[in-house]
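Structural overview
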Amino acid sequence: MPNKNLAPRDQRIDDALDTAGVRHRATLKQEWPLLLLLVFVWGALWQDFSPGNLIFGAVIALVIVNLFPLPPVVLSGRLNLWYCVKLFGWFLGQVVAASVHVAWLAVVRGKKTRSSVIAVPLRTDSDLIVMTVGHVLTLIPGSFVLDVDRSSSTLYLHYIDVDSAREVEKARENIRDIERRLIMAIGSQDEYEAIKNECSPRVRRTKEKP
Amino acid sequence: MDLFLDVLVAVLLILGCLMSLIAGIGLLTFPDMLTRMHAATKPQVLGFLLIFAGLAIHLRSWTVIPVLVLAWAMQLLTAPVSAHMIGRAGYRTKHAAKETLYSDELRQVVEKVSSAPHTGTVPEIDPQETGPDAK
(Lines give C-alpha, C1' and ligand atoms only; values in the text may rest on other atoms or scores of the structure.)
Protein backbone atom coordinates (compact mmCIF):
# COMPACT_ATOMS: atom_id res chain seq x y z
CA MET A 1 0.00 0.00 0.00
CA PRO A 2 1.71 3.20 -1.11
CA ASN A 3 0.31 5.41 1.61
CA LYS A 4 3.20 7.75 2.05
CA ASN A 5 1.09 10.73 3.13
CA LEU A 6 -0.30 9.00 6.15
CA ALA A 7 1.61 7.95 9.19
CA PRO A 8 1.21 4.23 9.67
CA ARG A 9 -0.69 3.12 12.71
CA ASP A 10 0.50 0.31 14.90
CA GLN A 11 -2.23 -2.15 14.24
CA ARG A 12 -2.36 -1.51 10.53
CA ILE A 13 1.19 -2.69 9.98
CA ASP A 14 0.81 -5.60 12.36
CA ASP A 15 -0.66 -7.90 9.76
CA ALA A 16 1.55 -6.82 6.88
CA LEU A 17 5.30 -7.12 6.62
CA ASP A 18 7.09 -4.79 9.01
CA THR A 19 10.06 -2.64 8.00
CA ALA A 20 12.41 -5.59 8.38
CA GLY A 21 10.18 -7.66 6.09
CA VAL A 22 9.11 -10.05 8.82
CA ARG A 23 5.55 -11.28 8.82
CA HIS A 24 3.89 -11.17 12.21
CA ARG A 25 2.14 -14.28 13.42
CA ALA A 26 -0.72 -14.37 15.86
CA THR A 27 0.18 -15.63 19.30
CA LEU A 28 -1.93 -18.13 21.21
CA LYS A 29 -2.94 -15.32 23.56
CA GLN A 30 -4.42 -13.35 20.67
CA GLU A 31 -6.03 -16.35 19.08
CA TRP A 32 -7.71 -18.29 21.86
CA PRO A 33 -11.23 -16.83 21.33
CA LEU A 34 -11.06 -17.83 17.68
CA LEU A 35 -9.82 -21.32 18.57
CA LEU A 36 -12.74 -21.62 20.97
CA LEU A 37 -15.04 -20.70 18.10
CA LEU A 38 -13.52 -23.39 15.86
CA VAL A 39 -14.04 -25.99 18.60
CA PHE A 40 -17.67 -24.87 18.86
CA VAL A 41 -18.07 -25.30 15.10
CA TRP A 42 -16.64 -28.82 15.37
CA GLY A 43 -18.97 -29.74 18.22
CA ALA A 44 -21.98 -28.24 16.46
CA LEU A 45 -21.30 -30.10 13.22
CA TRP A 46 -20.95 -33.44 15.03
CA GLN A 47 -23.90 -32.53 17.26
CA ASP A 48 -21.80 -33.93 20.10
CA PHE A 49 -20.36 -31.82 22.92
CA SER A 50 -18.76 -34.67 24.92
CA PRO A 51 -15.26 -33.89 26.29
CA GLY A 52 -13.48 -36.42 24.04
CA ASN A 53 -14.99 -34.96 20.89
CA LEU A 54 -14.18 -31.41 21.99
CA ILE A 55 -10.55 -32.26 22.75
CA PHE A 56 -10.18 -33.83 19.31
CA GLY A 57 -11.76 -30.69 17.85
CA ALA A 58 -9.26 -28.53 19.71
CA VAL A 59 -6.36 -30.59 18.32
CA ILE A 60 -7.73 -30.17 14.78
CA ALA A 61 -8.26 -26.42 15.36
CA LEU A 62 -4.62 -26.04 16.44
CA VAL A 63 -3.38 -28.00 13.41
CA ILE A 64 -5.49 -25.89 11.04
CA VAL A 65 -4.40 -22.49 12.38
CA ASN A 66 -0.77 -23.56 12.26
CA LEU A 67 -0.97 -25.03 8.77
CA PHE A 68 -2.94 -22.13 7.28
CA PRO A 69 -1.88 -19.02 9.18
CA LEU A 70 -3.88 -15.85 8.60
CA PRO A 71 -3.03 -12.30 9.66
CA PRO A 72 -3.81 -11.95 13.36
CA VAL A 73 -7.18 -10.54 14.30
CA VAL A 74 -6.29 -7.98 16.94
CA LEU A 75 -8.94 -8.06 19.63
CA SER A 76 -9.19 -5.04 21.88
CA GLY A 77 -9.00 -7.02 25.12
CA ARG A 78 -12.16 -5.39 26.43
CA LEU A 79 -15.66 -6.82 26.38
CA ASN A 80 -18.71 -5.37 28.07
CA LEU A 81 -21.35 -8.09 28.21
CA TRP A 82 -24.19 -5.75 29.14
CA TYR A 83 -23.56 -3.55 26.09
CA CYS A 84 -23.19 -6.69 23.95
CA VAL A 85 -26.64 -7.91 25.01
CA LYS A 86 -28.07 -4.43 24.44
CA LEU A 87 -26.40 -4.29 21.03
CA PHE A 88 -27.78 -7.70 20.06
CA GLY A 89 -31.31 -6.82 21.10
CA TRP A 90 -31.14 -3.54 19.20
CA PHE A 91 -29.64 -5.38 16.21
CA LEU A 92 -32.49 -7.92 16.04
CA GLY A 93 -35.02 -5.09 16.12
CA GLN A 94 -33.17 -3.31 13.34
CA VAL A 95 -33.05 -6.48 11.21
CA VAL A 96 -36.84 -6.70 11.40
CA ALA A 97 -37.11 -3.00 10.56
CA ALA A 98 -34.75 -3.49 7.61
CA SER A 99 -36.90 -6.25 6.15
CA VAL A 100 -40.06 -4.19 6.48
CA HIS A 101 -38.30 -1.17 4.96
CA VAL A 102 -37.01 -3.12 1.95
CA ALA A 103 -40.37 -4.82 1.52
CA TRP A 104 -42.15 -1.45 1.50
CA LEU A 105 -39.67 0.00 -0.98
CA ALA A 106 -39.84 -3.06 -3.23
CA VAL A 107 -43.62 -3.15 -3.41
CA VAL A 108 -44.57 0.56 -3.25
CA ARG A 109 -41.68 2.54 -4.69
CA GLY A 110 -40.09 0.02 -7.07
CA LYS A 111 -38.34 1.72 -9.95
CA LYS A 112 -38.71 5.20 -8.39
CA THR A 113 -36.39 4.40 -5.49
CA ARG A 114 -33.59 6.95 -5.24
CA SER A 115 -30.41 6.52 -3.29
CA SER A 116 -27.02 8.06 -2.56
CA VAL A 117 -23.42 7.05 -2.19
CA ILE A 118 -22.05 8.71 0.93
CA ALA A 119 -18.69 8.76 2.67
CA VAL A 120 -18.64 8.19 6.41
CA PRO A 121 -15.34 8.84 8.18
CA LEU A 122 -15.27 6.75 11.34
CA ARG A 123 -13.58 7.81 14.57
CA THR A 124 -12.00 4.46 15.31
CA ASP A 125 -8.72 3.19 13.88
CA SER A 126 -9.29 -0.45 14.74
CA ASP A 127 -9.81 -2.84 11.82
CA LEU A 128 -12.08 -4.99 13.94
CA ILE A 129 -14.47 -2.11 14.66
CA VAL A 130 -14.48 -0.93 11.03
CA MET A 131 -15.26 -4.49 9.92
CA THR A 132 -18.05 -5.03 12.45
CA VAL A 133 -19.57 -1.61 11.68
CA GLY A 134 -19.57 -2.61 8.01
CA HIS A 135 -21.30 -5.90 8.80
CA VAL A 136 -23.92 -4.41 11.08
CA LEU A 137 -24.81 -1.55 8.76
CA THR A 138 -25.23 -3.95 5.85
CA LEU A 139 -27.80 -5.97 7.79
CA ILE A 140 -29.83 -3.07 9.21
CA PRO A 141 -32.00 -0.58 7.27
CA GLY A 142 -30.74 1.41 4.38
CA SER A 143 -27.10 0.83 3.68
CA PHE A 144 -24.34 -1.46 2.48
CA VAL A 145 -20.62 -0.96 2.11
CA LEU A 146 -19.36 -0.13 -1.38
CA ASP A 147 -15.75 0.62 -0.60
CA VAL A 148 -13.41 1.06 2.33
CA ASP A 149 -10.47 3.40 2.76
CA ARG A 150 -8.53 1.58 5.40
CA SER A 151 -5.87 4.21 6.04
CA SER A 152 -8.45 6.81 7.14
CA SER A 153 -11.18 4.38 8.35
CA THR A 154 -13.62 5.83 5.83
CA LEU A 155 -16.56 3.74 4.67
CA TYR A 156 -18.23 4.50 1.35
CA LEU A 157 -21.82 3.38 1.61
CA HIS A 158 -24.70 2.93 -0.73
CA TYR A 159 -27.65 4.37 1.17
CA ILE A 160 -31.08 3.55 -0.19
CA ASP A 161 -34.05 5.94 -0.05
CA VAL A 162 -31.99 9.08 0.61
CA ASP A 163 -32.73 12.09 -1.58
CA SER A 164 -32.02 15.29 0.34
CA ALA A 165 -29.02 16.83 2.06
CA ARG A 166 -30.76 16.56 5.42
CA GLU A 167 -31.28 12.84 4.98
CA VAL A 168 -27.65 12.37 4.00
CA GLU A 169 -26.62 13.97 7.28
CA LYS A 170 -29.09 11.83 9.19
CA ALA A 171 -27.70 8.72 7.51
CA ARG A 172 -24.16 9.70 8.48
CA GLU A 173 -25.28 10.19 12.06
CA ASN A 174 -26.91 6.74 12.09
CA ILE A 175 -23.66 5.09 11.06
CA ARG A 176 -21.73 6.95 13.73
CA ASP A 177 -24.31 5.77 16.23
CA ILE A 178 -23.63 2.15 15.21
CA GLU A 179 -19.95 2.82 15.71
CA ARG A 180 -20.65 4.24 19.17
CA ARG A 181 -22.64 1.17 20.18
CA LEU A 182 -19.95 -1.21 18.94
CA ILE A 183 -17.16 0.65 20.72
CA MET A 184 -19.21 0.57 23.92
CA ALA A 185 -19.50 -3.21 23.54
CA ILE A 186 -16.14 -4.39 22.20
CA GLY A 187 -13.91 -1.33 21.65
CA SER A 188 -10.60 -0.82 23.40
CA GLN A 189 -10.40 1.01 26.73
CA ASP A 190 -9.07 4.24 25.13
CA GLU A 191 -11.83 4.38 22.52
CA TYR A 192 -14.44 3.59 25.16
CA GLU A 193 -13.30 6.54 27.28
CA ALA A 194 -13.25 8.81 24.24
CA ILE A 195 -16.79 7.84 23.24
CA LYS A 196 -18.08 8.23 26.77
CA ASN A 197 -16.66 11.75 27.04
CA GLU A 198 -18.01 12.79 23.66
CA CYS A 199 -21.39 14.52 23.55
CA SER A 200 -24.11 12.34 22.11
CA PRO A 201 -25.46 13.59 18.75
CA ARG A 202 -28.71 14.68 20.35
CA VAL A 203 -26.94 16.86 22.90
CA ARG A 204 -24.84 18.46 20.19
CA ARG A 205 -27.87 19.29 18.10
CA THR A 206 -29.72 21.03 20.91
CA LYS A 207 -26.58 23.01 21.71
CA GLU A 208 -26.27 24.27 18.14
CA LYS A 209 -29.76 25.74 18.23
CA PRO A 210 -29.75 29.43 19.17
CA MET B 1 -49.57 -27.26 24.18
CA ASP B 2 -48.48 -29.32 21.20
CA LEU B 3 -51.11 -27.70 19.05
CA PHE B 4 -49.97 -24.26 20.15
CA LEU B 5 -46.33 -25.09 19.28
CA ASP B 6 -47.36 -26.48 15.89
CA VAL B 7 -49.28 -23.31 15.09
CA LEU B 8 -46.28 -21.25 16.18
CA VAL B 9 -44.00 -23.32 13.93
CA ALA B 10 -46.36 -22.83 11.00
CA VAL B 11 -46.49 -19.07 11.54
CA LEU B 12 -42.69 -18.81 11.83
CA LEU B 13 -42.11 -20.89 8.69
CA ILE B 14 -44.61 -18.93 6.63
CA LEU B 15 -43.21 -15.58 7.80
CA GLY B 16 -39.71 -16.82 6.97
CA CYS B 17 -40.72 -17.85 3.48
CA LEU B 18 -42.50 -14.52 3.04
CA MET B 19 -39.19 -12.74 3.69
CA SER B 20 -37.52 -14.74 0.93
CA LEU B 21 -40.43 -13.87 -1.36
CA ILE B 22 -39.91 -10.18 -0.57
CA ALA B 23 -36.23 -10.53 -1.43
CA GLY B 24 -37.27 -12.00 -4.78
CA ILE B 25 -39.79 -9.22 -5.47
CA GLY B 26 -37.15 -6.65 -4.56
CA LEU B 27 -34.71 -8.17 -7.05
CA LEU B 28 -37.33 -7.74 -9.78
CA THR B 29 -38.64 -4.27 -8.96
CA PHE B 30 -35.57 -2.29 -7.89
CA PRO B 31 -34.06 -0.10 -10.62
CA ASP B 32 -30.35 -0.97 -10.59
CA MET B 33 -27.78 -3.38 -9.28
CA LEU B 34 -26.85 -1.42 -6.16
CA THR B 35 -30.40 -1.12 -4.87
CA ARG B 36 -30.97 -4.79 -5.67
CA MET B 37 -28.15 -5.72 -3.31
CA HIS B 38 -30.28 -4.34 -0.47
CA ALA B 39 -33.06 -6.75 -1.37
CA ALA B 40 -30.54 -9.58 -1.62
CA THR B 41 -28.98 -9.05 1.81
CA LYS B 42 -31.61 -7.82 4.24
CA PRO B 43 -34.92 -9.70 4.22
CA GLN B 44 -33.52 -13.20 3.90
CA VAL B 45 -31.37 -12.84 7.04
CA LEU B 46 -34.57 -12.34 9.01
CA GLY B 47 -36.24 -15.08 6.94
CA PHE B 48 -33.47 -17.51 7.90
CA LEU B 49 -33.83 -16.61 11.56
CA LEU B 50 -37.58 -17.21 11.51
CA ILE B 51 -37.27 -20.52 9.63
CA PHE B 52 -34.52 -21.70 12.00
CA ALA B 53 -36.59 -20.73 15.03
CA GLY B 54 -39.48 -22.69 13.57
CA LEU B 55 -37.23 -25.69 12.92
CA ALA B 56 -35.78 -25.60 16.43
CA ILE B 57 -39.27 -25.67 17.96
CA HIS B 58 -40.52 -28.32 15.55
CA LEU B 59 -37.63 -30.77 16.03
CA ARG B 60 -37.78 -30.37 19.84
CA SER B 61 -34.18 -31.44 20.23
CA TRP B 62 -31.39 -29.49 21.91
CA THR B 63 -28.63 -30.92 19.72
CA VAL B 64 -29.80 -29.20 16.52
CA ILE B 65 -29.75 -25.73 18.08
CA PRO B 66 -25.94 -25.26 17.83
CA VAL B 67 -26.10 -26.21 14.16
CA LEU B 68 -28.89 -23.73 13.50
CA VAL B 69 -27.07 -20.99 15.43
CA LEU B 70 -23.94 -21.75 13.44
CA ALA B 71 -25.79 -21.63 10.12
CA TRP B 72 -27.35 -18.28 10.99
CA ALA B 73 -24.04 -16.84 12.20
CA MET B 74 -22.43 -17.89 8.91
CA GLN B 75 -25.25 -16.14 7.09
CA LEU B 76 -24.62 -12.96 9.12
CA LEU B 77 -20.93 -13.12 8.31
CA THR B 78 -21.12 -13.91 4.60
CA ALA B 79 -24.11 -11.87 3.35
CA PRO B 80 -22.42 -8.46 3.94
CA VAL B 81 -19.16 -9.68 2.40
CA SER B 82 -20.84 -10.84 -0.80
CA ALA B 83 -22.86 -7.62 -0.99
CA HIS B 84 -19.67 -5.61 -0.58
CA MET B 85 -17.73 -7.55 -3.20
CA ILE B 86 -20.54 -7.40 -5.78
CA GLY B 87 -21.22 -3.74 -5.00
CA ARG B 88 -17.56 -2.79 -5.17
CA ALA B 89 -17.04 -4.49 -8.51
CA GLY B 90 -20.42 -3.42 -9.86
CA TYR B 91 -19.93 0.24 -8.97
CA ARG B 92 -17.26 0.42 -11.64
CA THR B 93 -19.53 -1.01 -14.37
CA LYS B 94 -22.57 0.25 -16.25
CA HIS B 95 -24.91 -1.88 -14.14
CA ALA B 96 -24.78 0.62 -11.31
CA ALA B 97 -27.09 3.40 -12.51
CA LYS B 98 -24.89 6.15 -11.11
CA GLU B 99 -26.79 8.98 -12.83
CA THR B 100 -29.88 8.21 -10.71
CA LEU B 101 -28.01 8.70 -7.45
CA TYR B 102 -28.86 11.78 -5.42
CA SER B 103 -25.24 12.29 -4.38
CA ASP B 104 -22.11 10.31 -5.09
CA GLU B 105 -19.19 10.93 -2.79
CA LEU B 106 -17.18 7.99 -4.07
CA ARG B 107 -17.02 9.06 -7.73
CA GLN B 108 -14.33 11.69 -7.22
CA VAL B 109 -12.18 9.28 -5.25
CA VAL B 110 -12.42 6.54 -7.85
CA GLU B 111 -11.72 8.99 -10.67
CA LYS B 112 -8.68 10.45 -8.94
CA VAL B 113 -7.25 7.07 -8.12
CA SER B 114 -7.84 5.61 -11.58
CA SER B 115 -6.35 8.68 -13.31
CA ALA B 116 -3.24 8.58 -11.13
CA PRO B 117 -0.18 6.74 -12.45
CA HIS B 118 0.10 3.13 -11.39
CA THR B 119 3.00 3.73 -9.06
CA GLY B 120 3.66 6.53 -6.63
CA THR B 121 1.63 8.15 -3.93
CA VAL B 122 -2.13 7.99 -3.71
CA PRO B 123 -3.68 11.47 -3.99
CA GLU B 124 -5.06 12.78 -0.76
CA ILE B 125 -8.81 13.31 -0.72
CA ASP B 126 -10.85 14.71 2.09
CA PRO B 127 -14.16 12.83 2.05
CA GLN B 128 -15.89 15.76 3.78
CA GLU B 129 -15.31 18.02 0.81
CA THR B 130 -17.06 15.86 -1.77
CA GLY B 131 -20.74 15.64 -2.54
CA PRO B 132 -23.37 18.36 -2.87
CA ASP B 133 -23.58 19.06 0.86
CA ALA B 134 -20.00 20.25 1.20
CA LYS B 135 -19.62 23.27 3.39
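Residues numbered from 1 in each chain as written. Chains lettered and ligands numbered in written order. Predicted model: local features only at pLDDT ≥ 70, side-chain atom pairs only at ≥ 80, totals over all residues.

1. Things to note about the pairing of strand β1 (residues 115–121) of chain A
Residue and element names in this part refer to chain A. Burial of β1 is extensive: six of the seven residues sit out of reach of the surface. Bridge count for β1 against strand β3 (residues 154–160) is seven bridges, and the pairing is antiparallel. For S115, the partnering residue across the bridge sits in β3 and is I160. (Buried ≥ 20, exposed ≤ 12 C-beta atoms within 10 Å, placed from the backbone. Helix = DSSP H or I, 4+ residues; strand = E, 2+ residues; numbered from the N terminus. Pairing = 2+ DSSP bridges.)

2. What to know about the pairing of β3(A)
All names here are of chain A. In terms of residue burial, β3 counts as a mostly covered element, since seven of its seven residues are buried. Covered by surrounding structure in β3 are T154, Y156, H158 and I160 together with L155, L157 and Y159, the residues of both alternating faces. Here six bridges tie strand β2 (residues 143–149) to β3, and the two strands are oriented antiparallel to one another. Residue pairing across strands places S143 opposite Y159, the latter belonging to β3. What sits between β2 and β3 in their antiparallel hairpin is a turn of four residues, with S153 showing a positive phi close to 50°.

3. Points about the interface of chain A and chain B
Taken together, the contact between chain A and chain B spans 43 residues of the former and 44 residues of the latter. At the level of secondary structure, the elements contributing two or more residues to the side of chain A that touches chain B comprise α2 (28–46), α4 (81–109), β1, α5 (127–139), β2, β3 and α6 (165–186) of chain A. Among the elements that line the side of chain A that touches chain B, the one with the most residues is α4(A), at eight residues. (Contact = placed C-beta atoms within 7 Å.)

4. Some thoughts on the domain arrangement of chain A
Assigned domains within chain A: domain 1 (25–67) and domain 2 (81–208). The centre of domain 1 of chain A, based on its C-alpha atoms, is set 33 Å off from the matching centre of domain 2 of chain A. (Domains from an automatic or database assignment.)

5. With respect to α5(A)
In a regular helix each residue adds 1.5 Å, so 13 residues correspond to 18 Å; α5(A) covers 19 Å between its end C-alpha atoms and thus fits that length. Burial analysis of α5(A) places ten of its 13 residues in the buried class, the great majority of the element. Of all the residues in α5(A), the buried ones are I129(A), V130(A), T132(A), V133(A), G134(A), H135(A), V136(A), L137(A), T138(A) and L139(A). Considering only its buried residues, α5(A) is in contact with α4, β2, β3 and α6 of chain A together with α2 (33–59) and α3 (64–91) of chain B. (Expected span 1.5 Å × (residues − 1).)

6. Focus on the nonpolar core
If you look at the biggest cluster of nonpolar residues, it comprises 58 residues, and the most contacted ones within it are I118(A), V133(A), L157(A) and L182(A). For this core, the leading source of residues is α2(B), giving eleven residues. Excluding residues within four positions of it along the chain, V133(A) makes contact with L122(A), I178(A), E179(A) and L182(A). (Core = buried A, V, L, I, M, F, W, Y, C linked by C-beta atoms within 7 Å.)

7. Some remarks on the confidence of the model for chain A
Residue and element names in this part refer to chain A. Averaged over every residue, the pLDDT of chain A is 77; the share at 70 or more is 78%. Mean pLDDT across the secondary structure elements of chain A bottoms out at helix α1 (residues 10–14), with 47, and peaks at helix α3 (residues 51–67), with 89. Confidence drops under pLDDT 50 across residues 1–14; counting only partners more than four residues distant or on other chains, this segment forms 18 contacts. Scored below 50 in pLDDT, residues 204–210 shows one contact in the model against residues more than four places distant or in partner chains. (pLDDT = per-residue confidence, 0-100.)

8. Examining unusual backbone geometry
Residues and elements named next belong to chain A. With a phi close to 50°, Q47 is a non-glycine residue in the positive phi region. Among the secondary structure elements, Q47 is positioned in the loop between α2 and α3. For Q47, a count of 14 C-beta atoms within 10 Å corresponds to the partly exposed category. One non-glycine residue, S153, lies in positive phi territory at about 50°. Note on placement: S153 falls in the loop between β2 and β3.

9. Regarding helix α1 (residues 2–29) of chain B
Taking 1.5 Å per residue as the helical rise, α1(B) with its 28 residues ought to reach 40 Å, and the 40 Å between its terminal C-alpha atoms agrees with that figure. Where α1(B) is concerned, the buried positions are L12(B), G16(B), M19(B), I22(B), A23(B) and G26(B). Buried positions along α1(B) lie against α4 of chain A together with α2 of chain B.

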